[in-house]
Amino acid sequence: MSKIKYIILLLFMSLMVFLIPNTTNAAVDVNRNIYSNNGSMKFTFTGLELDMTHEYEYGFTATAATEVEDWFLITEYTESTAVVDLITTTREIREVINATDTGYITIKDKTTDSIVLEPYGVDLKIPYLRVTNYTVIENGKEFGSGEAETINVGLRNANNSEAYYQYEKITDQNIIDTYKEIKSQNGDMTELESMLTTTVPTDNWSTWEYWNGYSADGLNGHGRPESPISVPDEGLYYLWVSFSGSNIKNIYGYILVDNLGAEASDDNQPNQSNENHNSNDTGTGSQNNVQINGKDNTTATIKLPEAGVSTIIRIILFVTIICTIGLYVKYRKYKGIK
C-alpha cells in the first residue's frame, strides 16, 4: 500500500475514533416534570438504546467531572426512554440540588457495568412561581402560625436558611390582562410563567416576621413575610421571597399579590388554583402535584457536555474530505513519477 493510501486510511480512522465516544449523547433529549415545590422532579430521557432484559442505574453529580459514588436504580424505562426521578428526601440527591442549579445525570447499564449516557446537564431550578404552595394571594390576606395557616416552602426551612421578602409592582399591561383573563376563567396561573420576570431584585429585602421548620433535612419550612399582606398601592405585584443559608445555594421565588381593586371586583371569589396544596408531597401520583409537562425550555440555555459536538463533527468531516480529495488528486498527478 502506498504512503498516500496509508495517510487517507489514518485520516478516516481518526475520524471514526472521534465519532464513537460521542454517539451516546448525540441524539438524546430530555423533558422535565416538576411535581413538588420541595425540589423533587423527574427527567425523561429519550433517544437511548436500552435492553429490556437489563437493569439500569443513574448517578447524579454537581459537575460533569465528579465521579459518581452513589447509583440509584431506574424503575421506569423502555427500549428508547428512561425516567430519572430525583426525590429530595434522598440525602445524596438533595445535597446536589442544594448546591447547584445545574446537575449532571449519568446512566449506566447495571447488567454489563457500562455507561449508557455520559454526564448530561439538567436544570434544577424551581420556577419562581412554584417555590411556595401559593401562586396568587389577595392583598390583605392574613396568615397565622400553624403550618396550614402559613406559606409553605418545600425545599427550605428555618434550620438551614433565613427568609426574606419584598414587593415589586407589575407594570406590563400584557401580564395584567392575561392575569385577569386566567382569573376570570378560574384557570391555572402557572400559564403566566413565560411572561413573568426572571430578574431577581438585588436589594431592599426585609426579613420574614415569622419563619419556622427545624427538621434536619432542611425541608418543609413555613411562615409569613407579614400579616396581613400589604402592598404599597393598587395593582398587581410580585411578592418576592428569598431563602439563603450557609453552604447551600440561594433560592428565589415569588407569589402574585392581587390588589387590582374595583376593576377586578367581578372576580373576587377565591380561586382554588391559586394555592398548590402539595408543598410536602413527595409522591408522583397526586392530582394536586405541580407539574411542568413537555420539554422544559429552561434547560435549553444550559451548555450540555456534548453541546456543539454535531457542528465539530461536520467541520472535521469537511476538512477530512477536502484533505482526502487533495491527497488523492496529488497522488493521481504524481503517481507515475519516481
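What you are looking at is a predicted structure, and each value in this text was computed from that prediction instead of being measured.

Asker: What exactly am I supposed to notice about the sheet that holds strand S3 (residues 56-61) here?
Answerer: Read across the open sheet, the four strands follow the order S4-S3-S7-S8; overall the sheet is antiparallel. Each end of this open sheet is capped by a strand with a single partner; those strands are strand S4 (72-74) and strand S8 (114-123). Taken pair by pair, the neighbouring strands of this sheet meet at an average axis angle of 30 degrees, ignoring direction. Relative to S3, helix H3 (residues 91-99) is tilted by about 40 degrees, and along the sheet it contacts S3 and S4.

Asker: Before we go on, may I ask you to explain helix H4 (residues 173-184) in this structure?
Answerer: In an α-helix there are 3.6 residues to a turn, and that puts residues three or four apart on one side. Counted at 1.5 Å a residue, the expected span for H4 with its 12 residues is 16 Å, and the 16 Å between its end C-alpha atoms agrees. Along H4, the residues classified as buried are Ile-175, Ile-176, Tyr-179, Ile-182 and Lys-183. One side of H4 holds all its buried residues, which, seen down the axis, span an arc of 130 degrees. On its buried face, H4 is in contact with strand S9 (136-138), strand S15 (235-245) and strand S16 (248-259). Two residues or fewer past H4, Asn-186 is found with a positive phi of approximately 55 degrees.

Asker: Just to check I follow, could you spell out the confidence of the model for the protein chain for this structure?
Answerer: Any residue range with low pLDDT should be treated as having predicted coordinates unsuitable for detailed reading. Predicted confidence across the protein chain gives a mean pLDDT of 83, with 70% of residues reaching 70 or more. Within the model, pLDDT remains below 50 along residues 19-23, and this stretch shows three contacts once partners closer than five positions in the same chain are excluded. Of the regions scoring below 50 in pLDDT, residues 277-312 engages in 70 contacts with residues more than four places distant in sequence or in other chains.

Asker: Would you mind showing me how to read H3 here?
Answerer: Buried within H3 we find Ile-93, Arg-94, Val-96, Ile-97 and Asn-98. Looking at the buried residues of H3, the elements they touch are S3, S4, strand S6 (81-86) and S16.

Asker: Please explain the sheet that holds S6 as it appears in this structure.
Answerer: What holds strands together in a sheet is hydrogen bonding between their backbones, with the strands either parallel or antiparallel. The strand order across the open sheet built from four strands is S1-S2-S6-S5, with neighbouring strands paired in antiparallel fashion. The sheet is open, and its two edges are formed by strand S1 (29-34) and strand S5 (76-77), each paired on a single side.

Asker: Help me understand the side chain of Thr-197, please; the structure alone is not making it clear to me.
Answerer: With respect to the helices and strands, Thr-197 occurs in the loop between H4 and strand S12 (206-207). On the basis of relative accessibility, which here comes to 19%, the residue Thr-197 falls in the buried class. In terms of polar contacts, Thr-197 uses its side chain to reach the backbone amide nitrogen of Thr-199, at 3.1 Å. If near-sequence neighbours (up to four positions away) are discounted, Thr-197 is found in contact with Tyr-128, Tyr-238, Trp-240 and Tyr-254.

Asker: How should the packing of aromatic side chains be read in this particular structure?
Answerer: What describes a pair of aromatic rings is the distance from one ring centre to the other and the angle between the planes of the rings. Evaluation of the coordinates by the stated rule reveals 14 aromatic pairs. Summarising the aromatic geometry, the rings of Trp-205 and Tyr-252 are spaced 6.1 Å apart at their centres and angled 45 degrees between planes, so their arrangement reads as tilted. A residue pair is termed long-range when its members are at least 10 positions apart, and Trp-205 in the loop between H4 and S12 and Tyr-252 in strand S16 qualify at 47 residues. Residue Tyr-252 is classed as partly exposed on the basis of its relative accessible area, which comes to 25%. Centroid distance Trp-240 to Tyr-254: 4.8 Å. Interplanar angle 85 degrees. Geometry classified as edge-to-face.

Analysis parameters
- Residues numbered from 1 in each chain as written.
- Predicted model: local features only at pLDDT ≥ 70, side-chain atom pairs only at ≥ 80, totals over all residues.
- Heavy atoms only, no water.
- Pairing = 2+ DSSP bridges.
- Helix = DSSP H or I, 4+ residues; strand = E, 2+ residues; numbered from the N terminus.
- Axes fitted to C-alpha atoms, helices over the stretch in contact; angles between N-to-C directions.
- Contact = heavy atoms within 4.5 Å.
- Expected span 1.5 Å × (residues − 1).
- Buried < 20%, exposed > 50% of the residue type's maximum accessible area, 1.4 Å probe, protein only.
- Arc of directions from axis to C-beta.
- pLDDT = per-residue confidence, 0-100.
- Polar contact = N/O pair within 3.5 Å; in protein donor to acceptor, adjacent residues only side chain to side chain.
- Phe/Tyr/Trp six-rings, centres within 6.5 Å; stacked < 30°, edge-to-face > 60°.

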